[in-house]
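A closer look at the structure
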Amino acid sequence: MRQAGRYLPEYRQTRAKAGSFLNLCYNPELATEVTLQPIRRYGFDAAILFSDILVIPDALKRNVRFNVGHGPEMDPIDADGIEKLSAEGVQDHLKPVFETVNRIRAALSQETALLGFCGAPWTVATYMIAGRGTPDQAPARLFAYRHRQAFVRLLDLLADISADYLVAQIDAGADAVQIFDSWAGVLGEKEFEAYAVRPVKRMITSVRARRPQARIIAFAKGAGLLLKDYRQATDADAIGLDWSVPLTFAAELQKDGPVQGNLDPMCVVAGGKALEDGIDDILQHLGQGPLIFNLGHGITPEADPDHVTALVERVRGAAA
């Protein structure tokens, strides 16, 4: 979960060279470097492509920018704007990302997996509608009620573009890909089915039709009990779990296949007993089944790099 980032001093040095966050995402040399930095430091079992879920709306010419202290922003889109959207030229715009994947795969040992990713249509759409992140993504939810036809068109377009994007990452060398629905938790039951499940299923069906060997992880943050049928409904190989998912429920989900997660990122900030107990609880409940040990969301800038070292050592020690 966001392996490269502001918690690593070597990342901050490389980020300064890039000049802007998007420049870093589109610079294959520098993006490769920051992807490899945590692998060199910790020897993780998998590297995660350094990029951002908002490269898709950027490729759709929504004027995406990352302003320090304000988070991502872009030009908000309305129903008329959605009607005018076109996928033409999107994959060409994203070619630097594919070059980055190719470079990372060439630099990694065969024992280290490479994970590509993209945002889920719902989550990406929420940013496109509001032009920024909001506490509960109310602008997108309201837009979906008022302009359902236009909103469904946006989701379908994002699903098709994102499926193409994942196929290209797989072709460039990604061993598996992840779909991040970071705002799935704000949806009601019917809306979750319509806006989170259906578009992700559309994506996975499209990817598998062209790359049957594809391995796909789907992460619907905050979905809670709606995760019960999420794997089957989307046809994902594995499902990511945020830290709020009870471990007893996670163990039930694990009976149907691999789960990924779900340590609270604050445990990595706290370190010590909080970190040790968090790790041990997950291993106790999920360690006997198919598990990708990971955080329940992205590592935060406040995390101590030494705490990550302690995490890796404790998990590897338990597995030995």
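Anything mentioned here points back to the structure above.
Fair warning: this is a prediction, and the values are worked out from it, not measured in the lab. (Residues numbered from 1 in each chain as written. Predicted model: local features only at pLDDT ≥ 70, side-chain atom pairs only at ≥ 80, totals over all residues. Heavy atoms only, no water.)

So, the pattern of salt bridges
A side chain with one charge may pair with a side chain of the opposite charge, provided their charged atoms come close. One pass over the structure, following the stated rule, counts 18 salt bridges. Among the salt bridges present, the one from Arg41 reaches Glu10, with a minimum N-O distance of 2.8 Å. Linking Arg41 in helix H3 (residues 28-42) with Glu10 in helix H1 (residues 9-18), this pair joins segments that are 31 residues apart in sequence. When the shortest N-O distance is used, the salt bridge between Asp235 and Arg208 registers 3.2 Å. Remark: Arg208 occurs in helix H11 (residues 189-210) and Asp235 occurs in the loop between helix H12 (230-234) and strand S7 (238-240); sequence separation between them is 27 residues. (Salt bridge = Lys/Arg side-chain N within 4 Å of Asp/Glu carboxyl O. Helix = DSSP H or I, 4+ residues; strand = E, 2+ residues; numbered from the N terminus.)

Things to note about the environment of His147
Its location among the elements puts His147 in the loop between helix H9 (138-146) and helix H10 (148-172). Judged by relative accessible area, which is 35%, His147 ranks as partly exposed. Along the backbone, His147 and Ala79 are 68 residues apart, and their C-alpha atoms lie at a distance of 7.1 Å. (Buried < 20%, exposed > 50% of the residue type's maximum accessible area, 1.4 Å probe, protein only.)

Brief notes about the sheet that holds strand S6 (residues 216-220)
The strand order S1-S4-S5-S6-S7-S8-S9 describes an open sheet built from seven strands, whose pairing is parallel. Each end of this open sheet is capped by a strand with a single partner; those strands are strand S1 (46-48) and strand S9 (291-295). Neighbour-to-neighbour, the strand axes of this sheet turn through a mean angle of 25°, independent of strand direction. In this structure, strand S8 (residues 259-263) lies alongside S9, joined through five bridges in parallel fashion. Bridging from a neighbouring strand, Gln260 pairs with Ile292 of S9. (Pairing = 2+ DSSP bridges. Axes fitted to C-alpha atoms, helices over the stretch in contact; angles between N-to-C directions.)

Quick word on the nonpolar core
Within the largest apolar cluster, 119 residues are counted, with the highest numbers of intra-cluster contacts made by Leu263 and Leu311. For this core, the leading source of residues is H10, giving 15 residues. When neighbours within four sequence positions are excluded, Leu311 is seen to be in contact with Leu263, Val268, Leu275, Ile279, Phe293 and Leu295. (Core = buried A, V, L, I, M, F, W, Y, C linked by side-chain atoms within 4.5 Å. Contact = heavy atoms within 4.5 Å.)

Some points on the side chain of Arg208
Arg208 sits in the buried class, given a relative accessible area of 17%. Here Asp237 takes part through its side chain, which lies 3.0 Å from a polar atom of the side chain of Arg208. When residues no more than four places from it in sequence are discounted, the contact partners of Arg208 are Ala214, Ile216, Asp235, Ala236 and Asp237. (Polar contact = N/O pair within 3.5 Å; in protein donor to acceptor, adjacent residues only side chain to side chain.)

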